[in-house]
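Observations on the model geometry
Take a look at the letters that make up each chain.
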Amino acid sequence: EAGGVRWGSGEAVVERVEMLSAEGRRSTSWRTGDAVTLRLHYRADRRIDRPVFGWSMETADGSTYVWAHHSKDGQMIPDAIEGAGHVDLVIDELPLQPGTYDLSASVVSTDTLHVYDHRRRLQRFDVGFGTPRESGGLVVLNGTWQQPVQG
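The text that follows walks through the structure, step by step, so that each part is easy to find. Here the structure is a predicted model, which means the values were calculated and not measured.

Scoring rules and cut-offs
Residues numbered from 1 in each chain as written. Predicted model: local features only at pLDDT ≥ 70, side-chain atom pairs only at ≥ 80, totals over all residues. Heavy atoms only, no water. Helix = DSSP H or I, 4+ residues; strand = E, 2+ residues; numbered from the N terminus. Buried < 20%, exposed > 50% of the residue type's maximum accessible area, 1.4 Å probe, protein only. Contact = heavy atoms within 4.5 Å. Areas by Shrake-Rupley, 256 points an atom, 1.4 Å probe, with all protein chains shown as cover. Lys, Arg positive; Asp, Glu negative; His and termini not counted. Charge placed at Lys NZ, Arg CZ, Asp CG, Glu CD. Pairing = 2+ DSSP bridges. Axes fitted to C-alpha atoms, helices over the stretch in contact; angles between N-to-C directions. Core = buried A, V, L, I, M, F, W, Y, C linked by side-chain atoms within 4.5 Å. Salt bridge = Lys/Arg side-chain N within 4 Å of Asp/Glu carboxyl O.

A few words now on the overall build of the chain. Helix and strand content of the chain: 0 helices and 9 strands. Along its sequence from the N terminus, the chain presents helices and strands in the succession β-β-β-β-β-β-β-β-β. Each of the three principal axes of the chain carries a C-alpha extent, and together these read 65 × 35 × 30 Å. Within the chain, the proportion of its 151 residues that are buried is 39%. Put simply, of all contacts in the chain between residues at least 6 apart along the chain, 72% involve residues at least 24 apart. With an accessible surface of roughly 8,800 Å², the chain has 47% of that area assigned to carbon and sulfur atoms. For the chain, the distance from the average position of its 16 positive side-chain charges to the average position of its 21 negative side-chain charges is 3 Å.

The strand order across the open sheet formed by 3 strands is 2-4-7, and the pairing between neighbours is antiparallel. Single-partner strands in this sheet number two, and they are strand 2 (12-20) and strand 7 (80-91). Strand after strand, the sheet turns through a mean of 15 degrees between neighbouring axes, direction not considered. Sheet analysis places strand 4 (residues 36-49) next to strand 7, joined by 11 bridges and oriented antiparallel. By the bridge assignment, Val36 is partnered in strand 7 with Ile91.

This brings us to the nonpolar core. Ranked by size, the top nonpolar core spans 27 residues in total, and within it Leu40 and Phe125 carry the most contacts. For this core, the secondary structure elements donating two or more residues are strand 2, strand 4, strand 5 (52-59), strand 7, strand 8 (99-108) and strand 9 (115-128). Counting residues per element, this core draws most heavily on strand 4, which supplies 6 residues. Non-local contacts of Leu40, meaning those with residues more than four positions away in its chain, are made with Val14, Arg16, Val17, Phe53, Gly54, Trp55, Gly85, His86, Val87, Ala105, Ser106 and Val107.

Among the 8 residues that make up strand 5, 8 are buried, leaving the element largely enclosed by the rest of the structure. Covered by surrounding structure in strand 5 are Val52, Gly54, Ser56 and Glu58 together with Phe53, Trp55, Met57 and Thr59, the residues of both alternating faces. As paired elements, strand 5 and strand 8 share 8 bridges and run antiparallel to each other. Of the residues in strand 8, the one forming a bridge with Gly54 is Ser106. For strand 5 and strand 6 (residues 65-70), the ladder comprises 5 bridges, and the chain directions are antiparallel.

A side chain of one charge can pair with a side chain of the opposite charge when the charged atoms of the two come close. Enumeration according to the criterion identifies 11 salt bridges in this entry. For Arg120, the salt bridge is made with Glu58, and the minimal N-O distance between the two is 2.8 Å. You can see Arg120 sitting in strand 9 and its partner Glu58 sitting in strand 5, a full 62 residues away along the chain. On the accessibility criterion, Glu58 (7% relative accessible area) is buried. A salt bridge links Arg121 to Asp102, with the nearest nitrogen and oxygen atoms 2.7 Å apart. Here Asp102 lies in strand 8 and Arg121 lies in strand 9, a separation of 19 residues in the sequence. Residue Arg121 shares its accessibility class with Asp102, and that shared class is buried. Through salt bridges with shared partners, a single network forms among Glu15, Arg43 and Asp45.

So, in structure tokens, the structure goes:
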């Protein structure tokens, strides 16, 4: 079940997360290929210089670590945060096969060594068949078959 372990020093916290459609509609039910925005709502009780925000994903049964991405690798490190706010990660086409997944979210220091807050399995969501439709696994690679070449 989603809503797992939380740890960190607490100077900044992940208050909640949302998954939003391109039109800004909240949902936990998506299709392969959908545009999805991951929104992380944070609060910092004091100024935090150059924070790094992070997302990770695992299968709902916890057996497979599917993906992770933080804002430092994404070349987005704000000068500072203080008070309440949110940060978005826009995914143009959700590259997941149908299934149920759990998102985790975090706020860490610039060097990523100090955890202000990490909330594991904070948001569960489902993915159904969409476009492209592929045959199995966790991800869609959206490849194009070519006709065989004889000889």
